[in-house]
Amino acid sequence: MSGCLCLPGYKKKNMDPVERLQSGFKQFKSEVYDKKPELFEPLKEGQAPTYMVFACSDSRCCPSVTLGLKPGEAFTVRNIAAMVPPYDKTKYTGIGSAIEYAVCALKVKVLTVIGHSRCGGIKALLSMQDGAADTFHFVEDWVRIGFLAKKKVVTEYPHTPFDDQCTILEKEAVNVSLYNLLTYPWVKEGVAAGTLKLVGGHYDFVKGVFTTWEK
């Protein structure tokens, strides 16, 4: 079996949702966990991931499956549109604590932000009109983290069709998140010292393409 730990046959039609979870775990345990003690035994003592991965919560974009990441290889945060907010001790402390722990305690070597095709969060960001009331309690306020990316896209590509603007914004929002990572002091120090790399990524599940770039 390859590094990708997804298994065929997990999803069965007409299966009770809770039963589906139990069935999936039983198959994972018998076909992966029990057959790979060399992978899972060391993880009982602790973790030493190479990557911290920021990915979207979209159900179509699981980074472990898409990139074939094994347990213990990536410390992962998933949220709407894979956004990374700037450093702020009074807001977004869940994200800040994850970054701090990954960099300062786990000593990850690579921080990766991955956008993806047909992202609903990015579409919501691009669709927002100044002064209009929010539709959701949290979503619009969250995706406003990518406002500078939106401003760049609508300024530089004003006549580009909406769907194509979304595709451009999916990548530009990643760049804003990478920039925001540098507002965290321990990230800035790690990049300056050469112990940390910042990598952007984009997964196009329509075309089956994954691209990366360094910042």
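Counting restarts for each chain, with residues numbered from 1 along the sequence as it is written. Restriction of local features to residues with pLDDT of at least 70 applies here, the model being predicted, together with a cutoff of 80 or more for giving and counting side-chain atom pairs; totals for whole chains, interfaces and linings are based on all residues. Derived side-chain values reflect all non-hydrogen atoms in the structure, with water molecules and hydrogen atoms excluded from consideration.

Draft legend 1. Local environment of the UniProt feature "binding site: Zn(2+)" (unreviewed entry) in the protein chain. UniProt positions are given in the numbering used here, feature names are shortened, and annotations may be inferred rather than shown by experiment. UniProt records the feature "binding site: Zn(2+)" (unreviewed entry) for Cys56, Asp58, His116 and Cys119 in the present numbering. Despite a sequence span of 64 residues, these residues sit close together in the fold, their greatest C-alpha distance being 9.0 Å. Set against the largest cavity, the annotated residues named above that line it are Cys56 and His116. Asp58 has contacts with Arg78, His116 and Arg118, leaving out every residue within four places of it along the chain. Inspection of the secondary structure puts Cys119 in the loop between strand 3 (110-116) and helix 5 (120-127). Only protein atoms enter the 1 Å grid used here. Points where a 1.4 Å probe fits but cannot escape make up a cavity, open sets with protein on both sides within 12 Å along at least five of seven lines make up a pocket, and a residue lines them when an atom lies within 4 Å of a point. Only heavy atoms matter for contacts: two residues are in contact if any of them lie within 4.5 Å across the pair. Under the scheme used here, helices are H or I runs from DSSP no shorter than 4 residues and strands are E runs no shorter than 2 residues, and both carry numbers assigned from the N terminus.

Draft legend 2. Examining the layout of surface pockets more closely. A volume near 420 Å³ is recorded for the largest pocket. Ser117, Arg118, Asp163, Thr167 and Glu170 are, among the 18 residues lining the largest pocket, the residues nearest its centre. At six residues, helix 8 (residues 162-181) tops the list of elements feeding residues into the lining of the largest pocket. Here the lining of the largest pocket is composed, by residue class, of five nonpolar, five polar and eight charged. Grid points are joined across faces, edges and corners, and a volume is the space filled by probe spheres set on the points. Any residue outside Ala, Val, Leu, Ile, Met, Phe, Trp, Tyr, Cys, Pro, Asp, Glu, Lys and Arg is labelled polar, Gly included; the first ten of those are nonpolar and the last four are charged.

Draft legend 3. Highlighting the sheet that holds strand 3. With mixed pairing, the five strands of this open sheet are ordered in space as 2-1-3-4-5. Two strands lie at the open edges of the sheet, namely strand 2 (74-79) and strand 5 (209-214), each paired on one side alone. Sheet twist, expressed as the average angle between the axes of neighbouring strands with direction ignored, equals 20 degrees. Think of it this way: DSSP has to see at least two bridges between two strands before they count as a pair. In this structure, strand 1 (residues 51-56) lies alongside strand 2, joined through six bridges in parallel fashion. Residue pairing in the sheet places Val53 in a bridge with Thr76 of strand 2. The convention used is that axes are lines fitted to C-alpha atoms, helices contributing only their stretch in contact, and that angles between N-to-C directions extend from 0 to 180 degrees. Its contacts with the sheet place helix 4 (residues 93-105) against strand 1, strand 2 and strand 3, and it is angled at close to 170 degrees to strand 2.

Draft legend 4. Expanded view of the pattern of salt bridges. A pair is scored as a salt bridge if a Lys or Arg side-chain nitrogen falls within 4 Å of a carboxyl oxygen belonging to Asp or Glu. Across all of its chains, the model carries six salt bridges by this definition. With a closest N to O distance of 2.6 Å, Lys44 and Glu41 form a salt bridge. Residue burial is assigned from relative accessible area. The probe radius is 1.4 Å, only protein chains are included, and a residue is buried under 20% of its type maximum, exposed over 50%, and partly exposed in between. Among the residues examined, Glu41 registers a relative accessible area of 42% and is labelled partly exposed. Glu172 serves as the salt-bridge partner of Lys152, at 3.4 Å between the closest nitrogen and oxygen. Remark: Glu172 occurs in helix 8 and Lys152 occurs in helix 7 (residues 147-156); sequence separation between them is 20 residues. Judged by relative accessible area, Lys152 falls into the partly exposed class, the value being 34%.

Draft legend 5. Summary view of the nonpolar core. We define the nonpolar core as a collection of buried residues of types Ala, Val, Leu, Ile, Met, Phe, Trp, Tyr and Cys that are connected through side-chain atoms lying within 4.5 Å of one another. Membership of the largest hydrophobic core comes to 40 residues, with the highest contact counts inside it found for Met52, Phe54, Met83, Ile99, Leu111, Leu181 and Val187. With seven residues, helix 8 is the largest single contributor of residues to this core. The contacts of Val187, once residues within four sequence positions are left out, are Ile99, Val103, Leu111, Leu181, Leu182, Leu196 and Leu198. Membership of the second largest hydrophobic core comes to six residues, among which are Cys61, Leu69, Ile114 and Tyr203.

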